[in-house]
Amino acid sequence: MNRRPCPARSLAFGPEAPWSAAITVPARNEAERIVPCLEAARRALQGRGGLVLVVNGSDDATFSHARDWFAATGTAGLLIDLADTPEGGVGAVRRQAVAAAAPRLTDDGVVLTTDADSRVFPDWLDANLSELTQADLICGSVVPDPEEFAQLPLIISQRGAAEGEYVALTLALRQLIDPLAHDSAPCGLGAAGASLAFRMPLYTETGGIPALPGNEDRAFAALAEDRGWRVRYSPTVRVSTSCRLDGRAPGGMADALAQRISDPDPMVDSALEPADQTVQRSRLRRARREGVVQFGPDSLQVARIAKQLAELEHRRMRLSDVERELPRLAAAVRAAQADMERLTA
C-alpha cells in the first residue's frame, strides 16, 4: 500500500549568512527532550553555523517547543515539520535534513548529525573539526546519560560485561590484521547517527545516508569505507544519549536495553561475529582497502573481494554465543600478535 505524501512546513531562523557547520537532527515525539538537545548543539556551535531540525510524524509539542526555542535564542536554523514519517524512516529524514542544510553551507562546510534524545558535549564541534584533519567521516563516541543509566536494572550492566570484553577483543584483532593509520585507536565498532561528521563531497560520492528505518548510520559508514574514504571512530568526539526503553527507531539503543532486561539470551551488537569470521572478515576488509588504493573502488579486483565479503554469512550473535566465543577470540588475538611480532622481529 502506498503511503500518502508528507505535507511539510518549514521555518527559517537567524541570519542568512553561509554556515561553516550544520548540525542536523531528526525528531519524532521528543517534546520533553528537544530543547536540551538544541541547547547543547547551540553551545557547541558557538555561532559558527546553524541547526536543521526535521520533526516527523509527531503528535506532541516537539515542533512548537523547537519553534519557540529558535525564536527565543535567535539561533540560525531551519525547522521542518513533516506530517508523517516518510517511507525509509529515520534514514529518509536524515537525508532530508542534509538536503536542507547543503545550500546554506560554505564550500568546505561540515555536516554533523545527532539525535533528539542526545546532548552533544560542549567541545563536540571543535573535536569533530580537529578529527576531520585526519579522516573524512568521523564517528563519535556515544555514552549513556549517567543519571538515566544509574536507574536501569543492574542486569543490563551485568549482561553487558561479556559483550564489552568481546568488543574490545574484536577491535584489537581488527587493528592487528588491518591496521589503519587514520584510525589507530577506534572507540567502537559501529557508526551512530547520534554523532557523525563529514563534508559534502563524501556525502555526494557515496550517495548519502541510505533511506532505511534503522542502521542507516552504519550503512552510511560502510558505503564511505567501501569507496575508499577514511572513516575514524573517535573517543574524543562525545555525545550523551538517553537510556530510555521506548525508542523511536527499530534496532536502536532502546531496543537493545529492553532486550537485556526481558530476553534470557539477548541479541548483542550486530557488528559482532564468531572468532573465525572476525578473522576472515578483517583479512578481506584489508584486501579490499588495499585494492581500492591500487586499482580504484570500481575495479574488477575490488568487486571480487566485495563479492567474497557479501557472501561471508553474517549470523546475529546472542549473549550465549559471545560467552562461548570469547576464549576463541582471545586466542585469535594472541595468534595475530605473535604473527605481528614475527614480522617485525
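How each quantity is defined
Residues numbered from 1 in each chain as written. Predicted model: local features only at pLDDT ≥ 70, side-chain atom pairs only at ≥ 80, totals over all residues. Heavy atoms only, no water. 1 Å grid on protein atoms, 1.4 Å probe; cavity = no way out; pocket = protein on both sides within 12 Å on 5 of 7 lines; lining within 4 Å. Points joined across faces, edges and corners; volume = space filled by probe spheres on them. Helix = DSSP H or I, 4+ residues; strand = E, 2+ residues; numbered from the N terminus. Nonpolar A, V, L, I, M, F, W, Y, C, P; charged D, E, K, R; others polar. Buried < 20%, exposed > 50% of the residue type's maximum accessible area, 1.4 Å probe, protein only. Pairing = 2+ DSSP bridges. Phe/Tyr/Trp six-rings, centres within 6.5 Å; stacked < 30°, edge-to-face > 60°. Lys NZ or Arg CZ within 6 Å of the ring centre and 35° of its normal. Expected span 1.5 Å × (residues − 1). Arc of directions from axis to C-beta. Contact = heavy atoms within 4.5 Å. Core = buried A, V, L, I, M, F, W, Y, C linked by side-chain atoms within 4.5 Å. Polar contact = N/O pair within 3.5 Å; in protein donor to acceptor, adjacent residues only side chain to side chain.

Student: Would you explain the layout of surface pockets in this entry?
Tutor: In this approach, a probe sized like a water molecule rolls over the atoms, and the result shows the empty space that is left. Here the second largest pocket is characterised by a volume of approximately 880 Å³. At the level of elements, helix H6 (154-177), helix H8 (216-226), strand E9 (231-241), helix H10 (275-295) and helix H11 (300-311) are the ones that each hand at least two residues to the lining of the second largest pocket. Broken down by element, the lining of the second largest pocket gets its largest block of residues, seven residues, from H8. Broken down by class, the residue content of the lining of the second largest pocket amounts to 16 nonpolar, seven polar and 10 charged.

Student: What am I meant to see in unusual backbone geometry here?
Tutor: For residues besides glycine, phi is generally negative; the peptide bonds are generally trans as well. Of note, the phi angle at Asn-29 is positive, near 50°, even though the residue is not glycine. With respect to the helices and strands, Asn-29 occurs in the loop between strand E2 (19-27) and helix H1 (34-45). A positive phi angle is found at Asn-215, which is not glycine, with a value near 60°. By the element assignment, Asn-215 lies in the loop between helix H7 (200-206) and H8. Classification of Asn-215 by relative accessible area gives partly exposed; the value is 40%.

Student: Is there a simple way to explain the pairing of strand E8 (residues 196-199) in this structure?
Tutor: The side chains of a regular strand alternate, residue by residue, between the two faces of the sheet. Relative to E8, strand E5 (residues 105-113) is paired through four bridges, and the arrangement is antiparallel. Residue pairing across strands places Leu-112 opposite Ala-197, the latter belonging to E8. Examined bridge by bridge, strand E7 (residues 137-144) and E8 share two bridges and lie antiparallel to one another. Residue pairing for E8: Cys-139 is matched across the bridge by Leu-196.

Student: Which parts of the structure should I look at to understand empty space enclosed by the protein?
Tutor: Following the criterion strictly, the structure yields one cavity of 30 Å³ or more and no others. The computed volume of the largest cavity comes to approximately 40 Å³. Sorting the residues of the lining of the largest cavity by element identifies H6 and H10 as the ones contributing at least two each. Tallying contributions element by element places H10 first for the lining of the largest cavity, with three residues. Partitioning the lining of the largest cavity into residue classes produces one nonpolar, three polar and three charged.

Student: I'm lost on the packing of aromatic side chains in this one. Help?
Tutor: Pairs of aromatic rings are described using the distance from one ring centre to the other and the angle between the two planes. All chains considered together, the criterion is met by five aromatic pairs. Each ring, one from Phe-198 and one from Phe-220, has its centre 5.2 Å from the other, and the planes form 70°; the classification is edge-to-face. Linking Phe-198 in strand E8 with Phe-220 in helix H8, this pair joins segments that are 22 residues apart in sequence. Each member of the pair, Phe-198 together with Phe-220, is buried. Among the aromatic residues, those joined into a cluster by ring pairs are Phe-13, Trp-69 and Phe-70. Looking at Arg-9, its charged tip hangs above the ring of Phe-63, at a distance of 3.8 Å from the centre.

Student: Looking at this structure, I do not really get the pairing of E7. What am I missing?
Tutor: Strand direction decides the pairing type here: E7 and E9, joined by seven bridges, are parallel. If you follow Pro-144 over to E9, its bridge partner there is Thr-241.

Student: Please clarify how H11 should be interpreted in this entry.
Tutor: Side chains of residues three or four places apart in an α-helix project in the same direction, reflecting 3.6 residues per turn. With 12 residues, H11 should cover 16 Å at 1.5 Å per step; its first-to-last C-alpha distance of 17 Å lies within 8% of that length. When we look at burial in H11, the residues that qualify are Val-302, Ile-305 and Leu-309. Down the axis of H11, the buried side of the element spans an arc of 65°, and every buried residue falls inside it. What points out from H11, more than 90 degrees from its buried face, is the exposed set Leu-300, Arg-304, Lys-307, Ala-310 and Glu-311. Buried residues in H11 make contact with H10.

Student: Honestly, the nonpolar core in this entry has me stumped. Any pointers?
Tutor: For soluble globular proteins, the rule of thumb is that nonpolar side chains tend to be buried together. By size, the foremost hydrophobic cluster in this structure holds 34 residues, and its most contacted members are Ile-23, Leu-38, Leu-51, Leu-53, Leu-79, Leu-112 and Trp-124. Those elements giving two or more residues to this core turn out to be E2, H1, strand E3 (49-56), helix H2 (62-73), E5, helix H4 (124-131) and E9. If sequence neighbours within four positions are ignored, Leu-51 has contacts with Trp-19, Ile-23, Leu-38, Ala-41, Leu-45, Trp-69, Phe-70, Thr-75, Ala-76, Gly-77 and Leu-78. Among the nonpolar cores identified, the runner-up in size contains 28 residues, and Ala-97, Ala-100, Leu-196 and Leu-202 belong to it.

Student: Help me out: how do you make sense of the side chain of Asp-136 in this one?
Tutor: Within the fold, Asp-136 resides in the loop between H4 and E7. A polar atom in the side chain of Asp-136 sits 2.8 Å from the backbone nitrogen of Arg-230. Discounting residues that sit within four places of it in the chain, Asp-136 has contacts with Ala-197, Phe-198, Arg-199, Leu-202, Trp-229 and Arg-230.

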